[in-house]
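Secondary and tertiary structure notes
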Amino acid sequence: MKLESLPKFFSPKSMHIGDSSRATASDSLTITDVMASLGLVGLQARPGIELFLSKEGISKPDGALEYLYQYALSQAHRYRAVEKLQDDIKRPTLRLLAVYAYQDYARSAASVRTCECCGGEGFLEERKFVMNKLAATRETVSMFERGDLPASIEQMPGREMLAKLSYYDITRRVCPTCNGKKVVSNSCRCNGRGEVMDKEKTAEQGGIPVYKTCSKCQGRGYSRIPAETVRRALAGIGLDMPQQTWSRTLKPFYEDLITQCHKEESDAGAALENITR
């Protein structure tokens, strides 16, 4: 049984579900079999199974995040820039890196994130300053003085006074980025396929579609969290550093945390296949 087949057992339509990796129906597994196997996998590769289940939304990510944080603490001595940090900034830094590493690992073409443009509101507010000048009689001026109309008054020659009505005209419009949905997809421009049409080779083949690996996502099908976002988040907790320093010192450590997530998931998948073989 493959790890990718596991989520369907947590929302089954019947008590007897066949695994797509099996050749015949007689080899299908029941939910009891799967849950027993899952318990054994938890003993052999607990971090990996916790990471996978939380990524699929089956369990909360607390255990996975705690594992990543402890792993970061155990590996800090391998990176001089991390080891040199003071303890009061070192632990928040490692915890923040663990959170972003998990979020990057948990991304997929089907996942969504809060729209950065509107902050998850779905609408954008536009404030337009409006100034309106009104030539008013003494009777209108008295209304201003009583506070009936919010305005500032300037004395003008003669019996007339000029009233200035200044205000902000606030309008709401649908966010053009998320179209009011409050979230945007993490899928790449290749729509999650990981490949795009090679127009030049397609033309050479007389219109027969020829595909190539998407250069933007490198075949993953989704966009990763920009490293610059992580650097700015670190600056928010007091660890501000130039982009070049970040790329040379802490970024390799951050990438190592992401790699560890995928390694643990791979180990869990291998253990599950071995147990259910």
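Residue numbers restart at each chain and count upward from 1, following the sequence in its written direction. This being a predicted model, a pLDDT of at least 70 is required before a residue's local features are given, and a value of 80 or more before pairs of side-chain atoms are given or counted; all residues contribute to the totals for chains, interfaces and linings. With hydrogens and water stripped out, all remaining heavy atoms of the structure feed into the side-chain values.

1. Some words on the nonpolar core
Leu6, Leu97, Trp246, Phe253 and Tyr254 are the most contacted members of the largest nonpolar core, which totals 51 residues. The leading source of residues in this core is helix α5 (residues 87-106), at 10 residues. Contact criterion: two residues are considered in contact whenever any of their non-hydrogen atoms come within 4.5 Å of each other. Ignoring any residue separated from it by four or fewer positions in sequence, one finds Leu6 in contact with Met1, Val34, Leu38, Ile49, Phe52 and Leu53. The set of buried Ala, Val, Leu, Ile, Met, Phe, Trp, Tyr and Cys residues whose side-chain atoms join them within 4.5 Å is what this entry labels a nonpolar core. The buried label goes to any residue with under 20% of its type's maximum accessible area, the exposed label to any with over 50%, and the partly exposed label to all in between, with areas taken from a 1.4 Å probe on protein chains only. A run of H or I in DSSP counts as a helix once it spans at least four residues, and a run of E counts as a strand once it spans at least two, with each numbered from the N terminus.

2. Re the pattern of salt bridges
Put simply, a salt bridge is a Lys or Arg side-chain nitrogen that is within 4 Å of an Asp or Glu carboxyl oxygen. For the structure shown, the criterion picks out 13 salt bridges. We note a salt bridge from Arg91 to Asp87, for which the minimum N-O separation is 3.5 Å. Here Arg91 and its partner Asp87 are both found in helix α5, 4 residues apart, which amounts to about one turn of the helix. According to the relative accessible area criterion, Asp87 is partly exposed, its value standing at 49%.

3. Points about the confidence of the model for the protein chain
Per-residue pLDDT for the protein chain has a mean of 81; in total, 80% of the residues score no lower than 70. Mean pLDDT across the secondary structure elements of the protein chain bottoms out at strand β1 (residues 16-17), with 46, and peaks at helix α3 (residues 62-75), with 94. Per-residue confidence from the predictor is reported as pLDDT, a score between 0 and 100. Predicted confidence is poor over residues 135-139, with pLDDT under 50, and the contacts of this stretch with residues over four places away or in other chains come to 7 contacts. Counted against residues more than four places away or in other chains, residues 158-163, with its pLDDT under 50, gives 22 contacts.

4. Considerations on helix α2 (residues 46-55)
Three or more residues of α2 are buried, namely Gly48, Ile49, Leu51, Phe52, Leu53 and Ser54. Considering only its buried residues, α2 is in contact with α1 (31-44), α3, α5 and α10 (250-275). Immediately beyond the C-terminal end of α2, within one or two residues, lies Gly57, with a positive phi of roughly 80 degrees.

5. Notes on the state of the cysteines
For the purposes of this analysis, a disulfide is any pair of cysteine sulfur atoms at a distance within 2.5 Å. Across all of its chains, the model carries 0 disulfides by this definition. Here Cys118 stays unpaired: no disulfide links it, and the sulfur of Cys178, its closest cysteine neighbor, is 3.7 Å away. For Cys118, a relative accessible area of 9% translates into the label buried.

6. Thoughts on α1
With 14 residues, α1 should cover 20 Å at 1.5 Å per step; its first-to-last C-alpha distance of 20 Å lies within 8% of that length. Those residues of α1 that fall on the buried side of the exposure criterion are Ile31, Val34, Ser37, Leu38, Val41 and Gly42. Buried residues of α1 fall within an arc of 145 degrees about the axis and therefore sit on the same side. Of the exposed residues in α1, those oriented more than 90 degrees away from the buried face are Thr32, Leu43 and Gln44. For α1, the elements touching its buried residues are β2 (29-30), α2 and α10. Here the expected length of a helix is defined as 1.5 Å per residue gap, with one fewer gap than residues. To be clear, the arc concerns the directions from the helix axis to the C-beta atoms.

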